[in-house]
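# Structure at a glance
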Amino acid sequence: MQKKEETNDIKRRAKELVEQMSLEEKFGQIVCIWPKPDMEPEEVLKDYPEGVGFVSATNFRTIETPQEVADLQRKWQRAIMEKSPHRIPAIFHTEGLCGALFADADSFPTGIGRASSWDEKLERKIGEIVSRQSAALGFTHVLAPVLDISRDPRNGRQGETYGEDPTLAAAMGTAYTEGIQETSANGLYAEAVAKHFVGFHGSIGGVQSAHFETGIRQLKEIYCKPFQAAITNAGLKGVMPCYSAINGKFPTASEELLTMTLRDEMGFDGLAVSDYNAVFGLHHGGRLFESKEETGWECIKAGLDVEMPQKDFFGEELMERFRSGRAPEEVLDRAVQRVLEAKLRMGLPKQPFAAGREKIQMLLHMDGDREVGQKAARESLVLLKNNGALPLEKHPGKIALIGPHANTARAFFGGYTYYSMAAGSMVRKKEQEALAEGRTLETYPGSKVIDSEKNPEYEAFLHRVIPECKSLREVLEERFGKDQIVYAKGYQVAGTDTSGFEEALQAASDADLVILTLGGKYGTRKTATMAEGVDAVNINLPQCQEEFLTRLRKLGKTSIGIHLDGRPISSDAAQETLDALIEAWSPSQWGAEAIVDVLTGSYNPSGKVPVSVAYTAGQIPIYYNMPNASAFLQAGSIGFADYADCPHRARYPFGYGLSYTTFAYDDLRLIQESDHVKISFTVENTGQRAGTEIIQLYFSDLYASRLRPGKELAGFCRVDLEPGEKRKITFSMDYSQAAFLDSQMHWKTEAGELEVLIGASSEDIRLRGRICIRKDSFYEGKFRQFWSRVSIGEGND
C-alpha cells in the first residue's frame, strides 16, 4: 500500500490537472471504448474528440499471440493520447478471475476450485502472476477478484466465487488483491477491480442478475465482509457494482450503497466502474428514470465513476446537463479526480505502453509460474468418497475410460478462462452465421445446449493457443500405457442421449477398472451447461449420466468418478455406484496431470469443498452457518426431523474433503487476553502417507441479543505432515471477529460465552472449548479482524 505522503501527492497532482481540463476532456475520462481487433482508432475515436479514459481489451482475446495484442495496445494508446489535450493515457482492462484474458497468459482453476485449496498464500502468488502478465501488455485494471458469496448452485456463475462463507472469501480475496496490487512489472502497477458489489449471488431463483431482497444486517455482515477485508487489509482500489437490484435499488445508481456504505462506512478510496452495460440495464430493463440524461446523472451522483464498456449514458445528454449548470460540476470533477488518481498510482503517465517483444516473453514466463499453476490444479481437487479404490495400484490392469470430458482438455477450462472466453466468441460468430442462413446450431438431444463437438474448430483452437495442455486420456496413456486404456464416450455433457451406452458398458465389462468423467460443461455461452446467463434448476447430473451410472452399477466393477463442472456434484447414483469420487471443478491447463497425480497417489488430495452441497435444488438455500433454530438447527418438530423425502443437512458439508491418510487432533488449550484468545492444539498424521490437513476454526455465540449463526468460520490453515509427525497449531482470534450489528446498527461484541470448535469440516468437529468475554465492546466495522491469524510450530512447542 502507498504511504500517506505519496497518496497526498497523487491527490494534489490529480486535482491540479482536473482544474486545467475542459468539460469535454473531463467527460472523455469517465467513459470507455470496446474495440475489436479489426477496428481502426481513427474511426472509433471520432466520437471521443478529447480522449477516452478506459479501453476494454476483452475483444483482444481472439488474437492468438501476445505480441499482436501488445501491438494493438500501443496503437490504441498512442491514438488516445494524441486526442487528449493533456496527453492523458487510457486504462486498459482485462478479466483476471482465472488468469489474464489473452493468449499465452497462464490459466488457473476457477474461483470455487481455488477456494477448495484454502490456500491464501498460493492465491496471492496467482494474483502476482496475473498482475505481472497483465502489466506486460499494458493492462492495469484486472477485473477480479470475485468476492460474491454464493449459496445457490442453480446460478450459472457459482464457479466464479470462493463459495458460501464470508471469512474464507475474505481471506482468499484479500490475498488475490494483494498479489495484483503489490506487484510491479513493465514500470506499471495494476489494480484489482473486485466484483460484484454487493449481494449479486443472492438473486432470486438462482437467476443471473435477478433481484435480491435481504436484511441490511445480512447484507453488511455476510455479503460486504469480503469487500471490507480487501479494502482494509489490501487497500483494494477498484469495485464493480452488480447488475442485480438489491432491496429495490440497483447498486450502480445507489448512493446508499456506493457512497454511504462503500466509501463512508467501509473506507473505500478507489474507482467504482460499471459492469458491462449495467447503466443501460437499469434504465431499459429496470425501467428507472425517464431519460438517458437523468439515468447518467443518478449514477454519477450516486458515486459511479466510469461507464463501461462504451459511452452511452455518460454521453452528450449528461454533458449538456453539466454545461447548462443543471448539475454541479464538482460531481463530475469528483469522478474525474478518482480516475486521474488511479492513473497516477498505476504509473501510466510515465509508462503507458505494453512492453517490447523480448520483455513480454520474459514477463509472461518466469521461473516458478508453471509450478504455481500445477499446484493450484492439484490443491483444487477434493476427494469426496473412497472405499479403498484409491490410490490406484501401480499396475491396475485394463482401464475403461468413459465420459465426454476424458478425450479433450477443453473440459478443464471454466468460465472466464482465456480458452473458454475465446471459444465463446467463436460460438457467437457461428450462431450469427447460422442465423443469417436461417438455421440453428445442433444441440444435444433433450437439451438446449449447443453440441460443440460437431465443430472440430474448437479443439484445433485449443491446441494452437495452449499446445502443452493434455487430455485426461493422454496423461493416463502416458502413465499406464496406451494398450491399458480403452476409451468410450458413453454419454454427453447434457441431455438424454443413450446411444453410446452399449459400447461403454461393454468396455467396462471387459476392464479391470472403470474411470468415468461426469458433469456438464462449465464455460461460456450456449455450448456450456453452466455459464454466465446459463442457469439451471437441476443441480444434479444430466439425465443420461444418471442412467448410465445406474446401469454400470449392475456390472459390479470397481468404478472411480471424476466430476468436472462449476457447481459441485450431487448424485444419488454416483454415491451408490462409485467406489471413489473426485470433485475436480475446472482445473484448467494442468488439470489432467493433477487428476492423474491424485489417482495414482503421487499427490495426496487435500481439498475441502467451500460450499454445502445440497441433495437437490429443493434444499436451496443451504449453508453451514444457518441461524440458530433454522433448518437443521431446529430444536425439534412434531413431525419429521428432516424433510419427508430428503435430509435437512447437506450431502457434503462445508469444509469436507478426504485424504489418503488420517489426522488426530489433541491437547486443546485456550489462553484469554484482554482483546483476543490464543487457541492452541496439536495435529498428528496417524496414517501411513504424507498428507496435508486443512484445519478449520469455528466459533459459536452461545447466547446473544440477536439471532446468530449456529457456527461461524473464524480461521483456517494448511499443515503438511509426514507419517507420525505432530505439529502445534496456534490461532489468535480477536474478539472483534464475533462482532455483529446490534439494534442501533453498531458493531458490537457482547459479554458472554463463546464456544470454540476445531475440526476437519464444519460437521467433523474434533475439539471443543469455551471462553468468556467479560464485557461488551464496540468497533468501527472497517477495523475489526476478519479472520484469525495462525502459527505452526513443532509438536512439543
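A quick note: this is a predicted structure, and the numbers were derived from the prediction, not measured. (Residues numbered from 1 in each chain as written. Predicted model: local features only at pLDDT ≥ 70, side-chain atom pairs only at ≥ 80, totals over all residues. Heavy atoms only, no water.)

Taken as a whole and judged by the stated rule, the model has 60 salt bridges. The partner of Asp269 in a salt bridge is Lys11, with the nearest N and O atoms 3.3 Å apart. One end of the pair, Asp269, is in the loop between helix H10 (255-265) and strand S10 (271-272); the other, Lys11, is in helix H1 (residues 4-20), and 258 residues separate them in sequence. For the salt bridge of Glu64 with Arg464, the shortest nitrogen-to-oxygen distance reads 2.8 Å. (Salt bridge = Lys/Arg side-chain N within 4 Å of Asp/Glu carboxyl O. Helix = DSSP H or I, 4+ residues; strand = E, 2+ residues; numbered from the N terminus.)

Counting through the fold element by element, Gly248 comes out in the loop between strand S9 (238-241) and H10. A C-alpha to C-alpha distance of 37 Å links Gly248 and Ile10, two positions 238 residues apart in sequence.

Counting buried residues along strand S4 (residues 139-143), five of its five residues qualify, which places the element largely inside the surrounding structure. Relative to strand S7 (residues 191-192), S4 is paired through two bridges, and the arrangement is parallel. The partner of Val142 across the bridge, within S7, is Ala192. (Buried < 20%, exposed > 50% of the residue type's maximum accessible area, 1.4 Å probe, protein only. Pairing = 2+ DSSP bridges.)

Moving on to the nonpolar core. In this structure, Ile30, Ile33, Phe197, Ile300 and Phe322 are the most contacted members of the largest nonpolar core, which totals 133 residues. Looking at which element gives the most residues to this core, the answer is helix H14 (residues 329-346), with nine residues. In this view, Phe322 contacts Leu23, Phe27, Trp297, Ile300, Ala327, Pro328, Glu329, Val331 and Leu332; residues no more than four positions away in its chain are not counted. Listed in part, the 55 residues of the second largest apolar core include Ala389, Ala409, Ala592 and Tyr603. (Core = buried A, V, L, I, M, F, W, Y, C linked by side-chain atoms within 4.5 Å. Contact = heavy atoms within 4.5 Å.)

Another aspect to go through is the side chain of Ser680. Along the polypeptide, Ser680 turns up in strand S18 (residues 676-685). Judged by relative accessible area, Ser680 falls into the buried class, the value being 9%. In contact with Ser680, not counting residues within four places along its chain, are Asp667, Leu668, Arg669, Lys728, Ile729 and Thr730.

Two strands in a sheet stick together by hydrogen bonds in their backbones, pointing the same way (parallel) or opposite ways (antiparallel). Spatial strand order, S8-S9-S10: three strands in an open sheet with parallel pairing. Edge positions in the sheet fall to strand S8 (194-197) and S10, since each has one partner strand and no second. Pairing geometry for S8 and S9, over three bridges, is parallel. Across the sheet, residue Ala194 finds its bridge partner in S9, namely Val239.

Okay, the side chain of Asn59 next. Tracing the chain through its elements places Asn59 in the loop between strand S2 (54-56) and helix H4 (66-83). Excluding residues within four positions of it along the chain, Asn59 makes contact with Trp34, Pro35, Lys36 and Pro37.

Considering all chains together, one arrives at 21 aromatic pairs under this definition. Seen in terms of ring centroids, Phe501 and Phe548 are 5.2 Å apart; in terms of plane orientation they differ by 75°. Their pairing is edge-to-face. Pair noted here: Phe501 is in helix H20 (residues 501-510) and Phe548 is in helix H21 (residues 543-553), with a separation of 47 residues, a long-range link. For Phe548, a relative accessible area of 0% translates into the label buried. Ring-pair connections join several aromatic residues into one group, and the members of that group are Trp118, Tyr624, Phe654, Tyr698 and Phe716. The side chain of Lys195 reaches across the aromatic face of Tyr416, ending 5.0 Å from its centre. Geometry around Tyr48 places Lys311 over its ring, the cationic atom sitting 4.3 Å from the centre. (Phe/Tyr/Trp six-rings, centres within 6.5 Å; stacked < 30°, edge-to-face > 60°. Lys NZ or Arg CZ within 6 Å of the ring centre and 35° of its normal.)

Another aspect to go through is H4. An ideal rise of 1.5 Å per residue puts 26 Å on 18 residues; H4 measures up with 26 Å between its terminal C-alpha atoms. Among all positions in H4, only Pro66, Gln67, Val69, Ala70, Leu72, Gln73, Arg74, Trp76, Gln77, Ala79, Ile80 and Met81 are buried. (Expected span 1.5 Å × (residues − 1).)

With that settled, the discussion passes to the pairing of strand S21 (residues 726-734). On a regular strand, each side chain points to the face opposite its neighbour's, so the side chains alternate between the two faces of the sheet. With nine bridges connecting them, S18 and S21 associate as antiparallel partners. The residue of S21 that forms the bridge with His676 is Asp734. Of the pairings in the sheet, the one linking S21 to strand S27 (residues 789-794) comprises six bridges and is antiparallel in character. Bridging across to S27, Phe731 finds its partner in Val790.

The omega torsion of the bond from Lys195 to His196 falls at 5°, within 30 degrees of zero and hence cis. Looking at the secondary structure, you find His196 in strand S8. Here the residue pair Ile620 and Pro621 is connected by a cis peptide bond, since its omega of 0° sits within 30 degrees of zero. If you check the backbone angles, Asn277 has positive phi at about 60° while not being a glycine.

An α-helix turns once every 3.6 residues. As a result, residues three or four positions apart point the same way. Over its 16 residues, helix H7 (residues 166-181) runs 22 Å from end to end, which matches the ideal 22 Å to within 8%, given 1.5 Å per residue. For H7, the tally of buried residues reaches 16 of 16 residues, placing the bulk of the element in the interior. A side-chain oxygen of the first residue of H7 lies 2.9 Å from the backbone nitrogen of Thr167; this N-cap is Asp165. (Polar contact = N/O pair within 3.5 Å; in protein donor to acceptor, adjacent residues only side chain to side chain.)

Moving on, we get to the sheet that holds strand S15 (residues 559-564). Judged by pairing direction, the sheet is mixed, and its six strands sit side by side in the order S11-S16-S15-S14-S12-S13 without closing on themselves. Each edge of the open sheet is held by one strand with a lone partner, namely strand S11 (382-386) and strand S13 (485-488). Each strand of the sheet is rotated relative to its neighbour by a mean of 20°, with strand direction disregarded. Of the strand pairs in this sheet, S11 and strand S16 (residues 580-585) are connected by four bridges, and their pairing is antiparallel. Directly across from Asn386, in S16, lies its bridge partner Ala580. Each of strand S12 (399-402), S13 and strand S14 (513-518) touches H20; the most contacted strand, S13, lies at about 160° to it. Contacting S14, S15 and S16, helix H23 (residues 591-600) crosses the sheet at an angle of about 150° to S15. (Axes fitted to C-alpha atoms, helices over the stretch in contact; angles between N-to-C directions.)

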